[in-house]
Amino acid sequence: MTTTAQPRVPADAHRTGGPALSASGLRARRAAKRRQLGAVVVLMAPFFALLTTIFLIPVGTAVYLSFYSDDQPGLGFGPENTVFLGLRSYAAVLTDPTFLGGLGTVALYCLIYIPLMVVGALALALLLDSGVVRLRAFAQLGLFLPHAVPGIIAALIWLYLYTPGISPIIDLFARADITIDFLGIHAVIPSIVNIALWSNLGYNMVVFYAALQAVPREVIEASVVDGAGPVRTALQVKTPLVRASIVMVAIFTLIWALQLFTEPMLLSQSSPMISSRFSPSMYIYDAAFTRNNYSLAAAASVVLLVCTIALSYGVTRFTSRADAEEAR
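Okay, so let's go over this structure. (Residues numbered from 1 in each chain as written. Predicted model: local features only at pLDDT ≥ 70, side-chain atom pairs only at ≥ 80, totals over all residues. Heavy atoms only, no water.)

**Regarding the overall build of the protein**
- Scanning the protein for helices and strands turns up 14 helices and two strands.
- Out of the 328 residues in the protein, the part that is buried amounts to 32%.
- As presented, the protein carries roughly 20600 Å² of accessible surface, and 68% of it is formed by carbon and sulfur atoms. (Helix = DSSP H or I, 4+ residues; strand = E, 2+ residues; numbered from the N terminus. Buried < 20%, exposed > 50% of the residue type's maximum accessible area, 1.4 Å probe, protein only. Areas by Shrake-Rupley, 256 points an atom, 1.4 Å probe, with all protein chains shown as cover.)

Shown next, in the form of structure tokens:
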């Protein structure tokens, strides 16, 4: 007796309507995935174009310049030659006491500025959100307005207020027999911190206030019902719920603080305590446009970029680890 072998039917043939329909469905899914991928490419293309133009190309140029230098033999009258320096520019930067001193100055500036900025902006936002401050819109506008003043103008305003002989603030303290040298060796960094706080506190306050507006009102009402007062509600309920915004503001403030340039550059005209290499950014500016050493300036820029990325990554990892431990 002869038996005829029956063809195997896929297990999902009954669900898909047979092998032919399954193949057409697979083609449809692949076409849908291709359309989704095309949409992603179209939507992300402007971002990557902007990232390449304003970040990757300048960074690549800086890295290239840090390894090469233009040399003119014959006391500057001969043809210009490009010389490969290797890591000599980086060695010169990392062994230069003025650059290392600038890093120390910026580190001290960050230790003072960042906590005051984050805590101060968050405190103002919590006050506005609690309703304690009347005329909330006008208060928010008044706190934000200093941020609309360009940094150079703000530094000039405070330079006028810090300069002896013309400052009404110094004259007012002098009438009370109080002598303050805002641009002296012990007060110059707090004076710069004050300018940065005055300029940026309102902006970060608006960021925190917007985050607080997204906090569910039911959570706040529940804490009030449980007997929590305004201070406890602000510190133990609202603040943990805007932790992501706090981390974001801290990272952005750190990045801006490491690029300290405008305030000390203008104040250096009236204070001998601020040299031309007071901060890493001023060191880079001096190397490029005063000493015409573009290789040294590029190497210092790359070192500053690496420090910024490393610190930002460290803050992000620390906060992510803290969040993971709390989630457990």
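Structure shown, so let's carry the discussion forward.
**Digging into the side chain of Thr105**
- Structurally, the position occupied by Thr105 is in helix α4 (residues 97-130).
- Looking at Thr105, the relative accessible area reads 17%, which means it is buried.
- Setting aside residues up to four positions removed in sequence, Thr105 forms contacts with Ile189 and Phe278. (Contact = heavy atoms within 4.5 Å.)

**With respect to the packing of aromatic side chains**
- Taken as a whole and assessed by the stated rule, the structure comprises 14 aromatic pairs.
- Ring plane angle 55° and centroid distance 5.5 Å describe the contact between Phe261 and Tyr285, whose orientation is recorded as tilted. Of this pair, Phe261 sits in the loop between α11 (243-258) and α12 (262-267) while Tyr285 sits in helix α13 (residues 280-289); the two residues are 24 residues apart in sequence, bridging distant segments of the chain.
- Judged by relative accessible area, which is 38%, Tyr285 ranks as partly exposed.
- Between Tyr285 and Phe289, the aromatic rings sit 5.1 Å apart at their centres with planes inclined by 50°, giving tilted as the arrangement. With Tyr285 and Phe289 both in helix α13 and four residues apart, the pair spans about one turn of that helix.
- Grouping aromatic residues by their ring pairs yields a cluster made of Tyr64, Phe67, Tyr68, Phe84 and Tyr90.
- Note that Arg291 overlies the ring of Tyr283, its terminal NZ or CZ placed 5.2 Å from the centroid. (Phe/Tyr/Trp six-rings, centres within 6.5 Å; stacked < 30°, edge-to-face > 60°. Lys NZ or Arg CZ within 6 Å of the ring centre and 35° of its normal.)

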